[in-house]
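Chains, contacts and geometry: an overview
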Amino acid sequence: MEQLPGPFPVGRYARKLQEELRRRARVRLVGEVTGISRSKVQAYFELRDAEGAVPCAIWLDDLEKAGLPEGALCDGAEIVIGGGPDYYPGGGQASPSFAFRATQVRLAGEGDLLARLEALRKQLRGEGLFELQKQLARPLLPKTIGVVTAESGAARRDLLAGLRRRGWAGTVIWAFAPVQDRRAAPAIAAAIQELAAMPAVESIVVCRGGGSLADLWAFCDETLCRTVAMLRVPVISAVGHERDATLIDDVAAVACSTPTHAAEAVVPLDCGVARAALTRCAAALRRVGEGAVGARNRHLGALARGPARALRRERLALNQKTREIRASSERSLAERRGFQRRLAAVVLSRAARRAAGAEASGRREALRRAEVAFRAHEPQRTLERGYALAEDSRGEPVTSAVAAIAAGRVRLRFADGGVGAEIDEREESDERDA
């Protein structure tokens, strides 16, 4: 067992500890007040930041001498205190305690906060966290956006008004969180992470109205800024007004001066303008289409009339050829008839010359003999010799008795005329019987 000096009375050691702590250098600390309480003679609170906390105490007399406004020393206030460590030894009825004994106190000025902000900004820039969000692709027309803001703040109304002016009709998922106190930064970081975990959320907007740097200090929290920088979803920051600059603006994909500007950044496409442009384009396309249809119709009409024109041309050409062929045929026929007439005339003239020669008398004698022979066989010559020709009612010759009986009445034609005759069938029967 290690040999240690002592044992010493605890009271003497407590006083010695008190003396040692009070001899330490006096310094100034800056941080956020939490857990403030008061007794009859002094005020107790913790001074903390993201890396740690120190219990503090100040005599009420020193607090009054600081001249702070009424209620300025409260939870969430950013203050600067001056003093040093102290230890209260306690006693038989009192508990010992350690505290940073503050003898000076004032509200943190812009200079103090800006110095801390600049140091943290330099650190995050050196780690490359300012570029991660800016490399993310932002949708031109997101269907769903997440919004982190105070439930009753004016920033919420301004953002909605901006989205309505752009004609956007998507879905907003709200994640309400405090935006000004010591609980704000963790709550905002948790809300952003919850929204980023939703697959439907395409962009996240963090918005708050204006204020002093102390009021906006939650948006300079290191943990919050690191959370935003590492998200897969683009974050649009709209904290404060144009003159306000917070650390979340540096790590976000887009930093906007107002919530209205954030509406334009989260929905880059102005839906109203796009609809009007689409309507104009549709009207122009309709006009062009109608013009093209009319031109095509005229062209097709001209093409459709082409076959008719070609047919007329061919018909005219065919008619012309037909007339030419007819005329040619008529000329050919006329020439042939003329040739035939000339040929016939030549043949007839030759025949006439032959007939007019020595053969003419012989031919006339032969013709006379033929006429005599013909007349000898002529029926009229037979009738002149005393014969009669029996004819029926149609003038046809009756060549048998049966035909005469069938006719009933016949006409007997003689050389000088004809008479009617009745047929007596009895005589015919008697002759058959005999």
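Use the structure listed above.
Residues numbered from 1 in each chain as written. Predicted model: local features only at pLDDT ≥ 70, side-chain atom pairs only at ≥ 80, totals over all residues. Heavy atoms only, no water.

**Topic: the sheet that holds strand 7 (residues 171-176)**
Our working definition: For two strands to count as paired, DSSP must find a minimum of two bridges between them. Each helix corresponds to a stretch of at least 4 residues labelled H or I by DSSP, and each strand to a stretch of at least 2 residues labelled E; elements are numbered beginning at the N terminus. Only heavy atoms matter for contacts: two residues are in contact if any of them lie within 4.5 Å across the pair. Helix axes are fitted only over the stretch in contact, all axes being lines through C-alpha atoms; the angle between N-to-C directions runs from 0 to 180 degrees.
One open sheet holds the five strands; their spatial order is 7-6-8-9-10, and the pairing between them is parallel. Two strands lie at the open edges of the sheet, namely strand 7 and strand 10 (254-255), each paired on one side alone. As paired elements, strand 9 (residues 235-239) and strand 10 share two bridges and run parallel to each other. The residue bridging Ser237 from the neighbouring strand is Ala255, located in strand 10. The strands touched by helix 9 (residues 259-266) are strand 6 (144-149), strand 8 (203-208), strand 9 and strand 10; relative to strand 9, the strand with the most contacts, the crossing angle is about 165 degrees.

**With respect to the sheet that holds strand 1 (residues 27-38)**
Judged by pairing direction, the barrel is mixed, and its five strands sit side by side in the order 1-2-3-5-4 before closing back on the first. Each neighbouring strand pair of the sheet contributes to a mean axis angle of 55 degrees, computed without reference to strand direction. One ladder, built from eight bridges, connects strand 2 (residues 42-49) with strand 3 (residues 52-59); its direction is antiparallel. Each residue of the ladder has a partner; that of Phe45, found in strand 3, is Cys56. Relative to the sheet, helix 1 (residues 10-22) contacts strand 4 (78-88) and strand 5 (97-107), its axis offset from that of strand 4 by approximately 145 degrees.

**What about the packing of aromatic side chains?**
Rules: Ring pairs shown here join Phe, Tyr and Trp side chains whose ring centres sit within 6.5 Å, with only the six-membered ring taken for Trp; geometry is labelled stacked below 30 degrees between planes, edge-to-face above 60, and tilted in between. Remark: exposure states derive from per-residue accessible area (1.4 Å probe, protein chains only) relative to the maximum for the residue type, with buried under 20%, exposed over 50%, and partly exposed in between. For a lysine, the NZ atom is tested; for an arginine, the CZ atom; a charge sits over a ring if that atom is within 6 Å of the ring centre and within 35 degrees of the ring normal.
Counting across every chain of the model gives one aromatic pair. Centroid distance Trp174 to Phe176: 5.8 Å. Interplanar angle 10 degrees. Geometry classified as stacked. By relative accessible area, Trp174 is classed as partly exposed at 24%. For Phe176, a relative accessible area of 34% gives the class partly exposed. One Lys or Arg, Arg156, reaches over the ring of Trp174 and ends 4.6 Å from the middle of that ring.

**Thoughts on a nonpolar patch on the surface**
Applied cut-off: Residues form patches when they are more than 30% accessible in relative terms and have no salt bridge. Like charges link within 9 Å. Nonpolar side chains (Val, Leu, Ile, Met, Phe, Trp, Tyr) link within 5 Å. The protein chains shown are the only cover counted for residues, whose accessible areas, like all others here, come from Shrake-Rupley with a 1.4 Å probe. Salt bridge, as used here, is a side-chain nitrogen of Lys or Arg placed within 4 Å of a carboxyl oxygen of Asp or Glu.
A contiguous nonpolar patch, built from Phe339, Leu343 and Val347 and spanning about 280 Å² of accessible area, is present on the exposed surface. By secondary structure assignment, the location of Leu343 is in helix 10 (residues 271-355). Taking relative accessible area as the criterion, Leu343 reaches 45% and is therefore assigned partly exposed.

**Remarks on the nonpolar core**
Considering soluble globular proteins, one finds that nonpolar side chains tend to be buried as a cluster. Cut-off, in case you're wondering: Side-chain atoms within 4.5 Å link the members of a nonpolar core, which is a set of buried Ala, Val, Leu, Ile, Met, Phe, Trp, Tyr and Cys residues.
In terms of nonpolar packing, the biggest core is built from 37 residues, with Val148, Ile188, Ile192, Ile204 and Val206 touching the most fellow members. Take this core: its biggest share by element is eight residues, from helix 6 (residues 184-196). Those residues in contact with Ile188 that sit more than four places away from it in its chain are Val148, Ala177, Pro178, Val179, Val206, Phe219 and Leu224. Grouped together as the second largest cluster of nonpolar side chains are 19 residues, Ala253, Cys256, Ala263 and Val266 included.

**Things to note about the side chain of Ser237**
Stated formally: In protein, a polar contact means a hydrogen-donor-capable atom and an acceptor-capable atom, both N or O and within 3.5 Å, with residues adjacent in sequence counting only if both atoms are side-chain atoms; elsewhere, any N or O pair within 3.5 Å suffices.
With respect to the element layout, Ser237 can be found in strand 9. Looking at Ser237, its side chain comes within polar contact range of the side chain of Asp249, at 2.4 Å. Ignoring sequence-local partners within four residues, the contact set of Ser237 consists of Val206, Ile248, Asp249, Ala252, Val254, Ala255 and Cys256.

**What about the environment of Asp86?**
If you trace the backbone, Asp86 turns up in strand 4. The exposure class assigned to Asp86 is buried, which follows from its relative accessible area of 14%. Aside from chain neighbours lying at most four places away, what touches Asp86 is Gln18, Leu21, Arg22, Ser97, Phe98, Ala99 and Arg101.

**Section: a positive patch on the surface**
What counts, and what does not: Only four residue types enter the tally: Lys and Arg on the positive side, Asp and Glu on the negative side, with His and both chain ends excluded. Where a charge lies is defined by one atom per residue type: Lys uses NZ, Arg uses CZ, Asp uses CG and Glu uses CD.
Taken together, the side chains of Arg305, Arg309, Arg312, Arg313 and Arg315 present a region of like positive charge at the surface. Note that Arg309 resides in helix 10. In this structure Arg309 comes out as partly exposed when scored by relative accessible area, which is 36%.

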